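Below are the chains, spelled out letter by letter.
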Amino acid sequence: MAKQIVEELVGVLGLDVNDASFKEGDRALGKTGVSFSHVAAMATAAASAVQAAISGMVLSFAESADASGKFASRIGVSVEGLTSLRHAVEQTSTATEQQFNTGLQRMTRRISEANAGSKELSKVFNELGLDVSKLAAMSPEDQFLAISDAMNTLGTNGEQVRATFKIFDTEGVELINTMRKGSEEIRRLQDEAKALGIVLSEDDAKAAAEFNDQLDIAQKSLGGVKNEIGRNLLPV
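Just so you know, these numbers come straight off a predicted model, no measurement behind them.

Participant: Would you explain the overall build of the protein chain in this entry?
Facilitator: Broken down by element type, the protein chain carries 12 helices and zero strands. The helix and strand sequence of the protein chain, counted from the amino end, reads α-α-α-α-α-α-α-α-α-α-α-α. Burial analysis of the protein chain (236 residues in total) assigns 34% to the buried set. A separation of at least 24 residues holds for 65% of the contacts in the protein chain among residues at least 6 apart in sequence. By element, 56% of the accessible surface of the protein chain is carried by carbon and sulfur atoms, the whole surface being about 14200 Å².

This is how it looks when you write it as structure tokens:
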């Protein structure tokens, strides 16, 4: 059995090893106190570790992509725009993913409210030299970039903090360092994210959502089996 495992591993690796080579190898290993059984055990352990690592990566990717897709859909931003912008924020600020998401969601809501007639919020955007109706027609990603450039026209740090607080609430303080970089640098970082392969697509998010749905169904099915067994074993 041990030899078979090693032979299969050799086959997977595409190595050209015949039976005589195995016998010679077994004799050589015997001189060191190691046998094919030891090699097989180590190979099996290594394969299990690799399988566990791959499973972990799949589950982590599915969770992240699914969450990103659902959040992007909720605020009307593309998954690509959200995940590339997130990289720019991570590189230029101390904002957490949750702070970034919350800030972006508040920004879109306040732009919508200003466009619907809120005088207080309209004043904030007017002071930045931004046309609320044009801003409302943009994607959240482009809204963030436009506000970043407009914020950099303000004279003092205090004015910048006040404006970002009005638009993003407390999360604006964490995002201000990113916005101070301006749209050109933010776009460069978004391109960097694409080059690194960390930008998720709409298809990634959809596939992750479907995977998680099927995983949830499988887990609930196991729960149903457990309930059925317990139900039948309970004393009448």
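Moving on from the coordinates now.
Participant: Before we go on, may I ask you to explain helix H11 (residues 182-196) in this structure?
Facilitator: Helical periodicity: at 3.6 residues per turn, an α-helix aligns residues three or four positions apart in one direction. With 15 residues, H11 extends 21 Å from end C-alpha to end C-alpha; this agrees with the ideal 21 Å at 1.5 Å per step. Listed in full, the buried residues belonging to H11 are Gly182, Ser183, Ile186, Leu189, Gln190 and Ala193. What you see down the axis of H11 is that its buried residues fit within an arc of 125 degrees, all on one side. In H11, the exposed positions angled more than 90 degrees off the buried face are occupied by Glu184 and Ala195. Next to the buried residues of H11 lie helix H4 (79-92), helix H8 (140-151) and helix H10 (171-179).

Participant: Help me out: how do you make sense of a nonpolar patch on the surface in this one?
Facilitator: Among the surface-exposed residues, Val58, Leu59, Phe211 and Leu215 lie close enough to one another that they form a single nonpolar patch of about 300 Å² accessible area. Within the residue set of the nonpolar patch, elements represented by two or more residues are helix H3 (36-75) and helix H12 (202-233). Looking at the secondary structure, you find Val58 in helix H3.

Participant: Is there a simple way to explain the side chain of Glu141 in this structure?
Facilitator: Positionally, Glu141 belongs in helix H8. Every residue in contact with Glu141, bar those within four places of it in the chain, is listed here: Val77, Ser78, Gly81, Leu85 and Gln190.

Participant: Is there a simple way to think about the packing of H8 against H10 in this case?
Facilitator: In a packed pair of helices, the relevant descriptors are the angle between the two axes and the axis-to-axis distance. At a minimum axis separation of 10 Å, H8 and H10 run at an interaxial angle of 80 degrees. Between H8 and H10, the angle falls in the class roughly perpendicular. Of the residues in H10, those in contact with Phe144, Ile147, Ser148 and Met151 of H8 are Leu175, Ile176, Thr178 and Met179. Split by residue class, the contact of H8 with H10 holds six nonpolar, two polar and no charged.

Participant: Which parts of the structure should I look at to understand the layout of surface pockets?
Facilitator: Empty space among the atoms becomes visible once a probe the size of a water molecule is rolled across them. Size it by volume and the largest pocket reaches roughly 190 Å³. Considering the residues around the largest pocket, the lining is formed by 13 residues, among which Ser64, Thr83, Arg86, Ile198 and Leu200 are closest to the centre. Secondary structure elements with two or more residues in the lining of the largest pocket: H3 and H4. Per element, the largest residue contribution to the lining of the largest pocket is four residues, and it comes from H4.

Participant: Which parts of the structure should I look at to understand the pattern of salt bridges?
Facilitator: Two side chains with opposite charge may pair up if their charged atoms get near one another. Counted under the stated rule, the structure contains 11 salt bridges. Of the charged contacts, one joins Glu97 and Arg86 as a salt bridge, the two residues approaching to 3.7 Å between their closest N and O atoms. Of the two residues, Glu97 is situated in helix H5 (residues 97-115) and Arg86 in helix H4; the sequence distance between them amounts to 11 residues. In this structure, Arg106 and Asp169 form a salt bridge, with 3.8 Å as the shortest nitrogen-oxygen distance. Linking Arg106 in helix H5 with Asp169 in the loop between helix H9 (157-168) and H10, this pair joins segments that are 63 residues apart in sequence. Each of Arg106, Arg110, Asp169 and Glu171 takes part in a single network of salt bridges with overlapping partners.

Participant: Got a minute to help me understand the nonpolar core in this structure?
Facilitator: Ranked by size, the top nonpolar core spans 42 residues in total, and within it Phe125, Phe144 and Ile147 carry the most contacts. Examining the composition of this core, we find that six residues originate from one element, H8, more than from any other. Discounting residues that sit within four places of it in the chain, Phe125 has contacts with Arg110, Ile111, Ala114, Leu130, Val132, Leu135, Ile147 and Ile167.

About the cut-offs
- Residues numbered from 1 in each chain as written.
- Predicted model: local features only at pLDDT ≥ 70, side-chain atom pairs only at ≥ 80, totals over all residues.
- Heavy atoms only, no water.
- Helix = DSSP H or I, 4+ residues; strand = E, 2+ residues; numbered from the N terminus.
- Buried < 20%, exposed > 50% of the residue type's maximum accessible area, 1.4 Å probe, protein only.
- Contact = heavy atoms within 4.5 Å.
- Areas by Shrake-Rupley, 256 points an atom, 1.4 Å probe, with all protein chains shown as cover.
- Expected span 1.5 Å × (residues − 1).
- Arc of directions from axis to C-beta.
- Patch = residues over 30% accessible without salt bridge, like charges linked within 9 Å, V, L, I, M, F, W, Y side chains within 5 Å.
- Salt bridge = Lys/Arg side-chain N within 4 Å of Asp/Glu carboxyl O.
- Axes fitted to C-alpha atoms, helices over the stretch in contact; angles between N-to-C directions.
- Parallel < 35°, antiparallel > 145°, perpendicular 65-115°, else oblique.
- Nonpolar A, V, L, I, M, F, W, Y, C, P; charged D, E, K, R; others polar.
- 1 Å grid on protein atoms, 1.4 Å probe; cavity = no way out; pocket = protein on both sides within 12 Å on 5 of 7 lines; lining within 4 Å.
- Points joined across faces, edges and corners; volume = space filled by probe spheres on them.
- Core = buried A, V, L, I, M, F, W, Y, C linked by side-chain atoms within 4.5 Å.

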